[in-house]
Amino acid sequence: MKLFHPKIVLKRLNHWICCVLPLMLMVSGCDKFEGQQTVPSYLKIDSIGFVTDNDLQGTNSQKITDVWVYVDDDLIGGFEMPATIPVLAEGIHKLEIRAGILLNGISDTRAPNPCWQPVSFNSFSFIPDSVISAFGNSTYYDNAEFVWMENFEDASLAIIKSQNSDTGVVRTQPANAPDAFIDEFSQYSGVSYMDESRPYLQLVSDNGSGQGFVFDRGDFIFLELNYKSNISFVVGVYINLMDNTVEERPYLIITPTDDWNKIYVNFTPIVNETTNALAYTVYIEAQLPDDTGSATILLDNIKLVTRPNL
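Basis of the calculations
Residues numbered from 1 in each chain as written. Predicted model: local features only at pLDDT ≥ 70, side-chain atom pairs only at ≥ 80, totals over all residues. Heavy atoms only, no water. Phe/Tyr/Trp six-rings, centres within 6.5 Å; stacked < 30°, edge-to-face > 60°. Helix = DSSP H or I, 4+ residues; strand = E, 2+ residues; numbered from the N terminus. Buried < 20%, exposed > 50% of the residue type's maximum accessible area, 1.4 Å probe, protein only. Lys NZ or Arg CZ within 6 Å of the ring centre and 35° of its normal. Salt bridge = Lys/Arg side-chain N within 4 Å of Asp/Glu carboxyl O. Polar contact = N/O pair within 3.5 Å; in protein donor to acceptor, adjacent residues only side chain to side chain. Core = buried A, V, L, I, M, F, W, Y, C linked by side-chain atoms within 4.5 Å. Pairing = 2+ DSSP bridges. Axes fitted to C-alpha atoms, helices over the stretch in contact; angles between N-to-C directions.

With that settled, consider the packing of aromatic side chains. Evaluation of the coordinates by the stated rule reveals 13 aromatic pairs. Both rings, one in Tyr 251 and one in Phe 267, keep their centres 5.7 Å apart while their planes meet at 50°; by these two values the pair is tilted. On the criterion of sequence distance, the pair formed by Tyr 251 in strand E18 (residues 246-254) and Phe 267 in the loop between strand E19 (257-266) and helix H3 (268-273) is long-range, its members being 16 residues apart. Note on Phe 267: relative accessible area 2%, which makes it buried. Counting every residue linked through ring pairs, the aromatic cluster contains Phe 50, Trp 116, Tyr 140, Phe 146 and Tyr 264. The ring centre of Tyr 188 lies 4.0 Å from the NZ or CZ of Arg 171, which sits over that ring. Arg 307 extends its terminal NZ or CZ atom over the ring of Tyr 141, reaching a point 3.6 Å from the ring centre.

Laid out in structure tokens, this is it:
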């Protein structure tokens with residue numbers, strides 16, 4: 001991703017951007033099964049759905065790009081959809097399909113979303129030299145926890161400007177405004193306006209306690225975000241440490257997009273590597289480029305989701 005320098009130390013930013021999970025290779029697995037079968041069955045997967053309880057879990061907006069396929073608990077591989085996958089299996093087998101995402105929006109870091117349940121078939125029939133379609137809906141695991149959500153549908157917001165910010169965030173107006181993220185449950189989005197008199201933006205999470213979020217090391221921790229912006233912005237965390245200091249860790253640069261996009265920011269490495277943390281505050285930060293007169297950043301469906309790594 002293109003580097004961007006909004007009042008932060010670039011050296012530290014480069015260090016933390018490198019702390020993402022390694023590339024998970026997209027592999028084919030026709031040799032996963034023993035026996036004499038030489039003619040594969042073909043598994044066709046065009047898409048995977050995603051279902052949520054909007055009141056408790058927020059939006060079902062998703063960006064599922066890949067599937068990770070298991071047969072009888074053996075990994076066949078990861079495949080970008082739509083996919084027709086050769087599998088050396090015949091007859092009835094257990095089939096498990098895990099919905100895959102781009103970690104931190106980067107195409108070289110693909111993985112199943114660890115907060116989502118797989119689509120499972122206990123008795124799936126494989127027929128050699130035949131194409132069999134599979135489809136299903138993924139959902140959040142029952143033990144996934146939603147520690148922070150902001151969908152901008154209420155006037156009271158759980159994301160606020162920091163003391164250093166020149167501008168803040170407001171809801172789009174009126175309802176169903178052309179620039180807003182619109183679906184069955186969404187009529188408003190958050191928007192931040194920047195110009196030469198308001199060149200610096202920093203928004204911080206507000207969970208009502210003023211203490212930040214407490215995470216357990218080892219848990220999966222993901223920030224989900226829909227966004228549309230004509231400049232780059234940074235997502236990071238402030239960490240309250242045991243010695244009563246606060247450390248700023250810029251983590252990911254998100255590049256401009258003319259259309260609404262979805263990203264999954266993997267905060268798991270930061271939390272796992274920080275042994276002396278008390279609490280975390282998420283921030284979103286941007287600096288108006290010198291050659292740009294004004295900018296607009298739109299946000300929606302912010303979710304900070306955790307799940308125990310059992």
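Counted under the stated rule, the structure contains 10 salt bridges. Here Asp 66 and Arg 110 are joined by a salt bridge, their closest N and O atoms 2.7 Å apart. Pair noted here: Asp 66 is in strand E3 (residues 66-71) and Arg 110 is in strand E7 (residues 110-112), with a separation of 44 residues, a long-range link. Like Asp 66, the residue Arg 110 is buried in the burial classification.

Secondary-structure assignment places Ser 197 in the loop between strand E14 (190-195) and strand E15 (200-205). Looking at Ser 197, the relative accessible area reads 60%, which means it is exposed. Sequence-wise, Ser 197 and Ser 294 are 97 residues apart; in three dimensions their C-alpha atoms are separated by 9.4 Å. One polar contact links Ser 197 to Asp 195, side chain to side chain, over a distance of 2.7 Å.

A few words on the nonpolar core. Residues Trp 148, Leu 223, Phe 233, Phe 267, Leu 299 and Leu 304 are the most contacted members of the largest nonpolar core, which totals 40 residues. Judged by nonpolar contacts, the second largest core, of 35 residues, contains Phe 50, Ile 76, Ile 97 and Tyr 140.

Within a sheet, neighbouring strands are paired by backbone hydrogen bonds and run either parallel or antiparallel to one another. Across the sheet, which stays open at both edges, the 3 strands sit in the order E5-E1-E9 with mixed pairing between neighbours. Of all strands in the sheet, those bounded by a partner on one side alone are strand E5 (83-87) and strand E9 (131-133). Strand-to-strand twist across the sheet, computed as the mean angle between neighbouring axes with direction ignored, equals 30°. Relative to E9, strand E1 (residues 41-45) runs parallel, the two sharing 3 bridges. Residue pairing across strands places Lys 44 opposite Ser 133, the latter belonging to E9.

The residue after Met 81, namely Pro 82, is reached through a cis peptide bond having omega -5°. For Pro 82, the location among the structural elements is in the loop between strand E4 (74-80) and E5. The omega torsion of the bond from Gln 173 to Pro 174 falls at -5°, within 30 degrees of zero and hence cis. The residue Pro 174 is located in the loop between strand E13 (170-171) and E14 in this model.

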